[in-house]
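Residue-level listing of the chains:
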Amino acid sequence: MTLGSDGAAETNLDALFPQLRRFPDVEAANLQAWDATDRLLLDSAAEFLGPDSRPAVVGDRYGALTLGAITAGAPAPVRVHQDLITGELALRNNARTVGTGGGFEQLPLGSALLAGATVVLIQLPRSLAELEEIADAVARHAAPTVTVLAGGRVKHMSLGMNAVLARYFGDVQPQLARQKSRIVIARKPLPVSPATPFPITSANAALGLRICAHGAVFAGTDLDIGTRFLLEFLPQMPDAAHAVDLGCGTGILAAMYARSRPGSRVTATDRSAAAVDSARATAAANGLGDRIDVVQDDAMGSLPDSSADLILLNPPFHLESAVHSGAGLKLFEAAGRVLAPGGELWTVFNSHLQYRPALERLVGPTREIGRNPKFTVTASTRRSGAQAGVGWTPGP
Ligand SMILES: C[S@@+](CC[C@H](N)C(=O)[O-])C[C@H]1O[C@@H](n2cnc3c(N)ncnc32)[C@H](O)[C@@H]1O
């Protein structure tokens, strides 16, 4: 059963959820596009989604919350913020599949998303810093009467989350758990400082770099130890006309490379909005704003084939809470496409991950540059001739 073409709900969540896909995010049998928290949030929010409500959604993974709220009769537009461009695309794809012509608006975290919101549904993020930025934005912009329903899997929730919410709301009430999910209801937004503290900036003395971080970005203002190891080999990296920091996070690799190679053009790209906003801020804070192009993109989708001479990558190996190699392999395959023949992918990974056969297959001949007790750094040279990177299939 699908939603009617006029957007009217002709079905319920039992019919809606199985139609949802994660595409273009990695898909696999053990990964699905919705979870029990989506259902609990929607069931609990039903009484707040009346015709006079102004709903907003934060952290919708693939559209289950937004399309579920529309199904429940929430008035249009349901405003939604998703950090990942893959999630934004999945919501649009899923809306087409289930036949809603629209009824939602995808917006950055800020006033356009939250101004006057009377009910806010949140899939709780994993990091407290991300929750802090979301709570700050809701308290800053939503209606004083707002009801916030923040839900997560019990095993990923902590008392620290309640403490963060309590810094921004006068009334924070954890609810009973259902099917291993729980929601926390927050009301009575408290006054906030005149300017948002995000992105947070911190000086890294060892790198001589100011690092800027929005709440959702990998490692915050810290230097990841894998990235630190990769940077030990910066002097040995090739001089590239065009270098790409793939999965840039706060943009440390882009900034360090741009500074060390004044003749290079550098692109920093990530699928996360918080990451690209952070990388842009890091570039500006270090006087490199005119040297680094920052692009929000899934696996460099907008970069032409054979357009880069060097790609730097500290790959992800988590998908949500699951350790899953598909995320890294997808980026190796993308590197095989975007590197020019003879161009190099320099990457760092936990030595136990056995990425070398995949690098050989998806990019080309791979040599070890360095190894410490935890990490391996390799350089893979894009082979000439036929396009590298064919035949990627997600692993288990
Ligand atoms: C391990 S972090 C590294 C971040 C940063 N380069 C650093 O060294 O601190 C991996 C990054 O890859 C990004 N990422 C994951 N999948 C991606 C995809 N399909 N396209 C673009 N970026 C992706 C994540 O958002 C994350 O910022």
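Everything quoted here is computed from the prediction, not taken from an experiment.

Here we look at the sheet that holds strand β12 (residues 292–296)
- Across the sheet, which stays open at both edges, the seven strands sit in the order β12-β11-β10-β13-β16-β18-β17 with mixed pairing between neighbours. Pairing within the sheet leaves two strands with one partner each, and these edge strands are β12 and β17 (366–371). Pairs of neighbouring strands in the sheet enclose a mean axial angle of 20°, with direction left out of account.
- Sheet contacts for helix α10 (residues 273–285): β11 (265–270) and β12; angle to β12, the most-contacted strand, approximately 170°.

Focus on helix α4 (residues 85–98)
- Given a rise of 1.5 Å per residue, 14 residues ought to cover 20 Å, and the 20 Å separating the end C-alpha atoms of α4 matches this to within 8%.
- Ile 85, Thr 86, Gly 87, Glu 88, Ala 90, Leu 91, Asn 94, Ala 95 and Val 98 are the residues of α4 that are buried.
- Gly 99 occupies a position one or two residues after α4 and carries a positive phi of about 85°.

Quick word on the site of the ligand
- Around the ligand sit 14 residues, and of these Thr 227, Gly 247, Asp 270, Asp 298 and Ala 299 come closest.
- Here Gly 247 contributes a backbone N or O atom positioned 2.7 Å from a nitrogen atom of the ligand.
- For the ligand, an oxygen atom lies 2.6 Å from a polar atom in the side chain of Asp 270.
- Considering the ligand on its own, with 600 Å² of exposed area, one finds that the protein chains cover 92% of that surface.
- Classifying every residue of the shell around the ligand by side-chain character gives six nonpolar, four polar and four charged.

Focus: helix α6 (residues 128–141)
- Between its first and last C-alpha atoms α6 spans 20 Å; for 14 residues at 1.5 Å apiece the expected length is 20 Å, and the two agree.
- Within α6, ten of the 14 residues are buried, leaving the element largely enclosed by the surrounding structure.
- Within the sequence span of α6, burial applies to Glu 130, Leu 131, Glu 132, Glu 133, Ile 134, Ala 135, Asp 136, Ala 137, Val 138 and Ala 139.

Some thoughts on unusual backbone geometry
- Each neighbour pair has its own omega, and for Phe 23 with Pro 24 the value is 10°, a cis peptide bond.
- Tracing the backbone through its elements, the reader meets Pro 24 in the loop between α1 (13–16) and α2 (36–45).
- Across the junction of Ala 76 and Pro 77, the peptide omega takes the value -5°, indicating a cis bond.
- Structurally, Pro 77 can be placed in the loop between α3 (64–71) and β2 (78–81).
- Although it is not a glycine, Ala 299 adopts a positive phi angle of roughly 50°.
- With respect to the element layout, Ala 299 can be found in the loop between β12 and β13 (308–313).
- On the accessibility criterion, Ala 299 (14% relative accessible area) is buried.

Quick look at the nonpolar core
- Among the nonpolar cores identified, the biggest contains 36 residues, and Tyr 257, Ile 292 and Trp 346 are the most heavily contacted of them.
- No other element matches the seven residues that helix α9 (residues 252–260) contributes to this core.
- If near-sequence neighbours (up to four positions away) are discounted, Tyr 257 is found in contact with Leu 234, Met 237, Pro 238, Asp 239, Ala 240, Ala 243, Ser 264, Val 266, Leu 310 and Leu 312.

Regarding the domain arrangement of the chain
- Split by domain assignment, the chain resolves into domain 1 (13–189) and domain 2 (200–381).
- Listed per partner, the contact involves 19 residues of domain 1 and 19 residues of domain 2.
- Of the roughly 1600 Å² buried between domain 1 and domain 2 on both sides combined, carbon and sulfur atoms contribute 52%.
- A per-residue breakdown of the area domain 1 buries against domain 2 is headed by Val 26, Asp 83 and Ile 85, which together make up 31% of the total.

Topic: the pattern of salt bridges
- Applying the stated criterion across every chain, the model contains 13 salt bridges.
- Its salt-bridge partner being Arg 167, residue Glu 132 comes within 2.7 Å of it at the nearest N-O pair. Of this pair, Glu 132 sits in helix α6 while Arg 167 sits in helix α7 (residues 159–168), placing them 35 residues apart in sequence.
- Via salt bridges that share partners, Arg 22, Asp 25 and Arg 271 belong to a single interconnected network.

Re the confidence of the model for the chain
- Within the chain, residue pLDDT values average 92, and 92% of them lie at 70 or more.
- Ranking the helices and strands of the chain by mean pLDDT puts α9 first, with 99, and strand β15 (residues 322–323) last, with 52.
- Within the model, the stretch residues 1–10 combines pLDDT values under 50 with 24 contacts to residues more than four positions away or in other chains.
- Low pLDDT, under 50, characterises residues 389–396; the stretch is placed with 17 contacts to residues that sit more than four places away or in other chains.

Points about the pairing of strand β6 (residues 169–174)
- Sheet topology note: the β6/strand β7 (residues 181–189) ladder contains five bridges and is antiparallel. Across the sheet, the residue bridging to Val 172 is Ala 186, located in β7.
- Here β6 folds back onto β7, and the loop between the two strands holds six residues, one of which, Gln 179, carries a positive phi near 45°.

Examining the environment of Ile 122
- Tracing the chain through its elements places Ile 122 in strand β4 (residues 119–123).
- C-alpha of Ile 122 to C-alpha of Thr 366: the two residues are 244 residues apart in sequence and 43 Å apart in space.
- Apart from the residues within four sequence positions on either side, Ile 122 is in contact with Leu 41, Val 58, Ile 134, Val 148, Leu 149, Ala 150 and Gly 151.

A word on the packing of aromatic side chains
- Tallied over the full model, the rule gives four aromatic pairs.
- Their ring planes at 85° and their centres at 5.2 Å tell us that Phe 229 and Phe 233 sit as a pair that is edge-to-face.
- Taking the relative accessible area as the measure of exposure, Phe 233 reaches 10% and is therefore buried.
- Seen in terms of ring centroids, Phe 349 and Tyr 355 are 5.3 Å apart; in terms of plane orientation they differ by 65°. Their pairing is edge-to-face.
- For Phe 349, a relative accessible area of 5% gives the class buried.
- One aromatic cluster is present, built from ring pairs that chain together Phe 332, Phe 349 and Tyr 355.

What counts, and where the lines are drawn
Along each chain, residue indices are assigned from 1 in the same order as the chain's sequence is written. Where local features are concerned, this predicted model is filtered to residues with pLDDT of at least 70; where side-chain atom pairs are given and counted, the filter is 80 or more; whole-chain, interface and lining totals use all residues. As a rule here, side-chain values come from all non-hydrogen atoms in the structure, and water together with hydrogens is ignored. Here, a strand pair is defined by DSSP locating no fewer than two bridges between the strands. By the criteria applied, helices consist of DSSP H or I runs no shorter than four residues and strands consist of E runs no shorter than two, each listed in order from the N terminus. An axis is simply a line fitted to the C-alpha atoms; with a helix, the fit covers only the stretch in contact. Between two such axes, the angle follows the N-to-C directions and lies from 0 to 180 degrees. In what follows, residue pairs with any heavy atoms lying within 4.5 Å of each other are defined as contacts. Take the number of residues in a helix, subtract one, and multiply by 1.5 Å to get its expected span. Partly exposed describes any residue whose relative accessible area lies between the buried limit of under 20% and the exposed limit of over 50%, with all areas from a 1.4 Å probe on protein chains only and scaled to the type maximum. Each residue is tested against the molecule or strand, and it is near if at least one of its non-hydrogen atoms lies within 4 Å. Pairs of N or O atoms are called polar contacts if they sit within 3.5 Å, as long as, within protein, a hydrogen donor faces a hydrogen acceptor (for residues adjacent in sequence, only side-chain-to-side-chain pairs). Every accessible area reported is derived by Shrake-Rupley at a probe size of 1.4 Å, with residue values counting cover from the shown protein chains alone. Residues were grouped as follows: Ala, Val, Leu, Ile, Met, Phe, Trp, Tyr, Cys and Pro as nonpolar; Asp, Glu, Lys and Arg as charged; and all remaining residues, including Gly, as polar. Buried residues of nine kinds, namely Ala, Val, Leu, Ile, Met, Phe, Trp, Tyr and Cys, make up a nonpolar core once their side-chain atoms join them within 4.5 Å. Per the annotation, domain bounds derive from an automatic or database assignment of domains. Accessible area, probed at 1.4 Å, shrinks when two parts are joined; the buried area is that loss added up over both. Basic side-chain nitrogens of Lys or Arg form a salt bridge, by our definition, when they fall within 4 Å of a carboxyl oxygen of Asp or Glu. For every residue, the predictor states its confidence as a pLDDT score lying anywhere from 0 to 100. Working definition: a ring pair exists when centres of Phe, Tyr or Trp rings (six-membered ring for Trp) sit within 6.5 Å. Plane angles under 30 degrees give stacked, over 60 give edge-to-face, the rest tilted.

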